[in-house]
Amino acid sequence: MEKIEWSDVQGLLLSGYPQLPFSAYLAWRFRPGRRDAARRWLADLAERLMRADGVQGEVRIAGATSTAPTNIRALKAASGSDLRAINLALTASGLRKFDLDEGWLSEFSLEFLEGMAPKPTAATQVPRRSNLLGDAGDSSPELWDWGGWTEDDGVDGMLLLYAADEQALQALVDAEIKAMDAASEVATSAGRDNGGPIILKGRLYDDRKEHFGFTDGISQPTIEGSPMAQRSKEKLKRRSAATKENDDGKVLTAKEQRISLVKPGEFVLGYVNERRERIPDRSAKGHANGRDLLRNGTYMVFRQLEQDVDAFEDFVSLLAKRLHGEADPVTEEQVAARLVGRHKNGEPLVPRAENSTKKTERNDFLYSHEDGSGLACPIGAHIRRANPRDAIGPDPDTALRLSKMHRIIRRGRPYGARRDPKEGKSSGNGSRRGIAFIALNADIAGQFEMIQHSWLNNAHFGGLYAGTDPIGHVAQAGDEFAVQQRPANLHIERPRPFVTVRGGAYFFLPGINAVRALAD
Ligand code: HEM
């Protein structure tokens, strides 16, 4: 098996940092004419970034007597409020400021170089990419708070900061703004908070629920050859040969392995992927001047997705009345689960197989034989679209193999205050909450964009008549949600999306050596 240079890979790829529930996503831009300061800043930052693995693993915290781990193995073993994690991502505009020659830049993918929201031109009023992502109407980049069409300066990069509590997070944000000050400034919003800093605060709650009330972050791909899987090998030999551990230390059954184990090249640049290819393909292009900025990096998709919890719950009540004759907490939970494909506690709607493990948040299910017609988990449900497993393809085995070419690692977290159920509906006070959606993948077009465009936004997904993702941001005339049932399916019109895109950008999450090379 190919050996992955984990100590050169940023930690976010292998961990969502559950021990650091408070996070801040800070967008920044370089100050003009400060290239030397920028290099000094990056050289210093490179040594503080959280890595996926490593031997040294600790740095001194500015102004404190203690040290903080800089690899996730050390982070897991440590405790205390000093713990934190820093990761760094750059946009194409950020990379361009290093005066890399065009040969280097062309190694990055076209969609990354073009960005998530290229500005319209006289020829293309709605640019192809916005069309493809469904970013129109209320979700049009014209209206975004950041990353959209109204910005002049844009965003050059993002710091992803994680801490154990709110106070520690604020201290980390302040320290990092100070550390970057000579080189960069916090980017400012062009939209509703015109001129305000773009610092989105994420929060992982103990129950791991997002704002619509569902446990999130359950189904993730597991990278073949990841350190946890390697380390567990010995343990596995002693256990049943049919089990293996994933990166959270959980045990994967043989069936879960079939579903979730994915080749490293789908997520880390420079390694073999599910197509048995490498991105970038060095054999075709040759390798220019010795520096390899892409190796051990990955692409990061960041989308600020605002959630309208009231509108979602109104729709759920309507659906409960139509399906069950009345809306009460029990029927509402049942229909909400149909929209997502899992109950709010994480239990999937596809029935448990006889020999299945007994976990609520189980992930050992397929669709083709277990629920081929969608009677348990509707065909249009969010998780069935986002990862159709063995359902879309000429036969189940091929479908499962193909679906592994379109997986993403999700590292997003909710932002904004949770709605207090005792308060009832928010009184139009403009409360802003949603998901700071983060997807990591080696091929934005083949992974994130493919899922968004061909599955979530596709009104005819899996043979449906007219329904996009029920919790997606796309609005289409005649949009509906179809519940497969006997004797006849039920079609319910979805009045409008419950999610709106408020900002976003495509980033590159470089390997540590690439950050050092940029600073050189
Ligand atoms: C506000 C927007 C969104 C909400 C509230 C949301 C919520 C959820 C929930 C509750 C789950 C089930 C728990 C789990 O398996 O982890 C899930 C799964 C998933 N979501 Fe989303 N999601 C949103 C947007 C997106 C977008 C934009 C994408 C991709 C473009 C996406 C891709 C996925 C994937 C790949 C899964 C795992 C499916 C599986 O492997 O079974 N989600 N999401």
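Each chain has its residues counted from 1, following the order in which its sequence is written. It should be noted that, the model being predicted, local features are given only for residues of pLDDT at least 70 and side-chain atom pairs only at 80 or more, the latter also being counted only at that level, while totals for whole chains, interfaces and linings use all residues. Derived side-chain values reflect all non-hydrogen atoms in the structure, with water molecules and hydrogen atoms excluded from consideration.

Colleague: Whenever I open this one, the nonpolar core confuses me. Can you help?
Modeller: The nonpolar side chains of soluble globular proteins are, as a tendency, buried together. Ranked by internal contacts, the top residues of the largest apolar core, which has 97 residues, are Trp28, Trp41, Leu42, Phe108, Phe112, Leu159 and Phe312. Per-element accounting of this core gives the leading share, eight residues, to helix 11 (residues 309-324). For this core, the domains that each give at least three residues are domain 1 (1-118 + 129-224 + 263-306 + 408-441 + 507-520) and domain 2 (309-406 + 447-497). Residues count as neighbours in contact if any of their non-hydrogen atoms are within 4.5 Å of one another. What Leu42 contacts, discounting residues up to four positions off in sequence, is Leu88, Phe98, Val515, Leu518 and Ala519. Within this scheme, the nonpolar core is defined by two criteria: the residues are buried Ala, Val, Leu, Ile, Met, Phe, Trp, Tyr or Cys, and they are joined through side-chain atoms within 4.5 Å. The classification of residues rests on relative accessible area computed with a 1.4 Å probe and restricted to protein chains. Under 20% of the type maximum is buried, over 50% is exposed, and intermediate values are partly exposed. Helix numbering and strand numbering both begin at the N terminus, where a helix is a DSSP run of H or I of at least 4 residues and a strand a DSSP run of E of at least 2. Boundaries between domains were set according to an automatic or database domain assignment.

Colleague: Whenever I open this one, the site of the ligand confuses me. Can you help?
Modeller: Neighbouring residues are identified by heavy atoms, a residue being near a molecule or strand if any of them is within 4 Å of it. In the vicinity of the ligand lie 27 residues, with Ile218, Ser219, His382, Arg389 and Arg410 positioned nearest. By the criterion applied in these results, polar contacts are pairs of N or O atoms within 3.5 Å in which, for protein atoms, one can donate a hydrogen and the other can accept it, and in which residues neighboring in sequence qualify only through two side-chain atoms. In this structure, a nitrogen atom belonging to the ligand sits 3.0 Å away from a side-chain N or O atom of His382. Interatomic distance of 2.7 Å between a side-chain N/O atom of Arg389 and an oxygen atom of the ligand. Ten residue types, Ala, Val, Leu, Ile, Met, Phe, Trp, Tyr, Cys and Pro, are classed as nonpolar, four, Asp, Glu, Lys and Arg, as charged, and the remainder, Gly among them, as polar. Residue classes in the shell around the ligand are distributed as 14 nonpolar, seven polar and six charged.

Colleague: Explanation requested: the coordination of the iron atom of the ligand in the structure shown.
Modeller: A metal bound by six donors in octahedral fashion has ideal angles of 90 or 180 degrees, whereas one bound by four tetrahedral donors has an ideal angle of 109.5 degrees. Each metal's donors comprise the N, O and S atoms found within 2.8 Å of it (within 3.2 Å for Na, K or Ca). Water is not part of the atom list, so some coordination spheres may appear incomplete. Among protein atoms, the single one acting as a donor to the iron atom of the ligand is His382 (NE2), 2.1 Å away. Tracing the backbone through its elements, the reader meets His382 in helix 13 (residues 382-386).

Colleague: What is the right way to look at the pairing of strand 12 (residues 298-307) in this model?
Modeller: Within a regular beta strand, the side chains point alternately toward one face of the sheet and then the other, so they alternate between its two faces. Buried residues dominate strand 12, accounting for ten of its ten residues. Alignment of strand 12 against strand 18 (residues 499-509), held across ten bridges, turns out to be antiparallel. Of the residues in strand 18, the one forming a bridge with Met300 is Phe507. The sheet contact formed by strand 12 and strand 15 (residues 434-441) spans eight bridges and is antiparallel. DSSP bridges decide pairing: two strands pair if at least two such bridges lie between them.

Colleague: How should the packing of helix 1 (residues 35-46) against helix 16 (residues 512-519) be read in this particular structure?
Modeller: Pairs of packed helices are described in terms of their axes, by the angle between the two and the distance that separates them. The convention used is that axes are lines fitted to C-alpha atoms, helices contributing only their stretch in contact, and that angles between N-to-C directions extend from 0 to 180 degrees. The N-to-C vectors of helix 1 and helix 16 enclose an angle of 155 degrees; their axes lie 8 Å apart at closest approach. Classed by the angle they form, the pair helix 1 and helix 16 counts as roughly antiparallel. The handedness of the crossing between helix 1 and helix 16 comes out as left-handed. The residues of helix 16 that touch helix 1, namely those facing Arg39, Leu42, Ala43 and Ala46, are Ile512, Val515, Arg516, Leu518 and Ala519. Looking at the contact of helix 1 with helix 16 residue by residue, the classes come out as seven nonpolar, no polar and two charged. The cut-offs work like this: below 35 degrees is roughly parallel, past 145 is roughly antiparallel, 65 to 115 is roughly perpendicular, and the gaps in between are oblique. In this scheme the crossing of two helices becomes right-handed for a clockwise turn of the near helix relative to the far one and left-handed for an anticlockwise turn of less than a right angle.

Colleague: Hey, could you run me through the packing of helix 11 against helix 12 (residues 329-340) in this one?
Modeller: Following both chains from N to C, one finds helix 11 and helix 12 inclined at 110 degrees, their axes separated by 8 Å at the closest point. The angle between the axes of helix 11 and helix 12 places the two elements in the roughly perpendicular class. Between helix 11 and helix 12, the residues in contact are Phe312, Phe315, Val316, Ser317, Leu319, Ala320, Leu323 and His324 and Thr331, Glu332, Gln334, Val335, Ala336 and Leu339, respectively. The residue makeup of the contact of helix 11 with helix 12, split by class, is nine nonpolar, four polar and one charged.

Colleague: For this particular structure, what's the right way to read unusual backbone geometry?
Modeller: Glycine aside, residues mostly have negative phi angles, and peptide bonds mostly take the trans form. Geometrically, the link from Ile279 to Pro280 is a cis peptide bond, its omega value of -10 degrees lying close to zero. Summarising the element assignment, Pro280 is placed in the loop between strand 11 (261-262) and helix 10 (282-285). Following Arg486, the chain continues into Pro487 via a peptide bond in cis, with omega recorded as 5 degrees. A positive phi angle is found at Arg276, which is not glycine, with a value near 65 degrees. Residue position: Arg276 is located in the loop between strand 11 and helix 10. According to the relative accessible area criterion, Arg276 is exposed, its value standing at 76%. With phi around 50 degrees, Arg389 is a residue other than glycine that occupies positive phi space. On the secondary structure map, Arg389 appears in the loop between helix 13 and helix 14 (396-403).

Colleague: Looking at this model, I keep getting lost on the pattern of salt bridges. Mind explaining?
Modeller: Any two side chains of opposite charge can pair, on the condition that their charged atoms come close. We define a salt bridge as a contact between a side-chain nitrogen of Lys or Arg and a carboxyl oxygen of Asp or Glu at a distance within 4 Å. In the structure shown here, the tally under the stated rule is 32 salt bridges. Taking the shortest distance from any N to any O, the salt bridge between Arg502 and Glu306 comes out at 3.2 Å. Separated by 196 residues along the polypeptide, Arg502 in strand 18 and Glu306 in strand 12 bring together distant segments of the chain. Glu306 shares its class with Arg502; the two are buried. As a salt-bridge pair, Asp371 and Arg384 come within 3.1 Å of each other at their nearest N and O atoms. Placement of Asp371 in the loop between helix 12 and helix 13 and of Arg384 in helix 13 is noted, with a sequence separation of 13 residues between them. On the basis of relative accessible area, Arg384 is assigned to the buried category, the value being 4%. Salt bridges linked by common partners bring Asp145, Arg192, Glu306 and Arg502 together as one network.

Colleague: I'm lost on the environment of Ala182 in this one. Help?
Modeller: Tracing the sequence through the fold places Ala182 in the loop between helix 7 (166-180) and strand 6 (184-186). Note on Ala182: relative accessible area 41%, which makes it partly exposed. C-alpha separation for the pair Ala182 and Arg35, spaced 147 residues apart in sequence, amounts to 9.8 Å. In this structure, Ala182 is in contact with Arg31, Arg34 and Ala37, ignoring residues within four places of it in sequence.

Colleague: I'm lost on the environment of Gly54 in this one. Help?
Modeller: Looking at the secondary structure, you find Gly54 in the loop between helix 1 and strand 2 (58-60). Taking relative accessible area as the criterion, Gly54 reaches 24% and is therefore assigned partly exposed.

Colleague: I keep staring at the packing of aromatic side chains and nothing clicks. Help me out?
Modeller: Any two aromatic rings considered together are summarised by their centre-to-centre distance and by the angle between their planes. Put simply, two rings from Phe, Tyr or Trp (the six-membered ring, in Trp's case) pair if the centres are within 6.5 Å, and we call them stacked under 30 degrees between planes, edge-to-face over 60, tilted for the rest. For the structure on display, the rule yields 20 aromatic pairs. Look at Phe212 and Phe312: their rings are 4.2 Å apart centre to centre, the planes differ by 15 degrees, and that puts the pair in the stacked class. Separated by 100 residues along the polypeptide, Phe212 in the loop between strand 7 (199-203) and strand 8 (222-223) and Phe312 in helix 11 bring together distant segments of the chain. For Phe312, a relative accessible area of 1% gives the class buried. By the ring-pair criterion, three or more aromatic residues cluster together here, those being Tyr17, Tyr25, Trp146, Tyr162 and Phe302. Between Arg295 and the ring centre of Tyr271, over which it is positioned, the NZ or CZ distance is 4.8 Å. Whether a charge lies above a ring is judged from NZ of Lys or CZ of Arg, which has to be within 6 Å of the ring centre and within 35 degrees of the ring normal. The ring of Phe214 is capped by Lys344, whose NZ or CZ atom sits 5.7 Å from the centre of that ring.

Colleague: What exactly am I supposed to notice about the side chain of Asp371 here?
Modeller: Asp371 sits in the buried class, given a relative accessible area of 6%. Not counting residues up to four positions away in its chain, the partners in contact with Asp371 are Val350, Ala376, Cys377 and Arg384.

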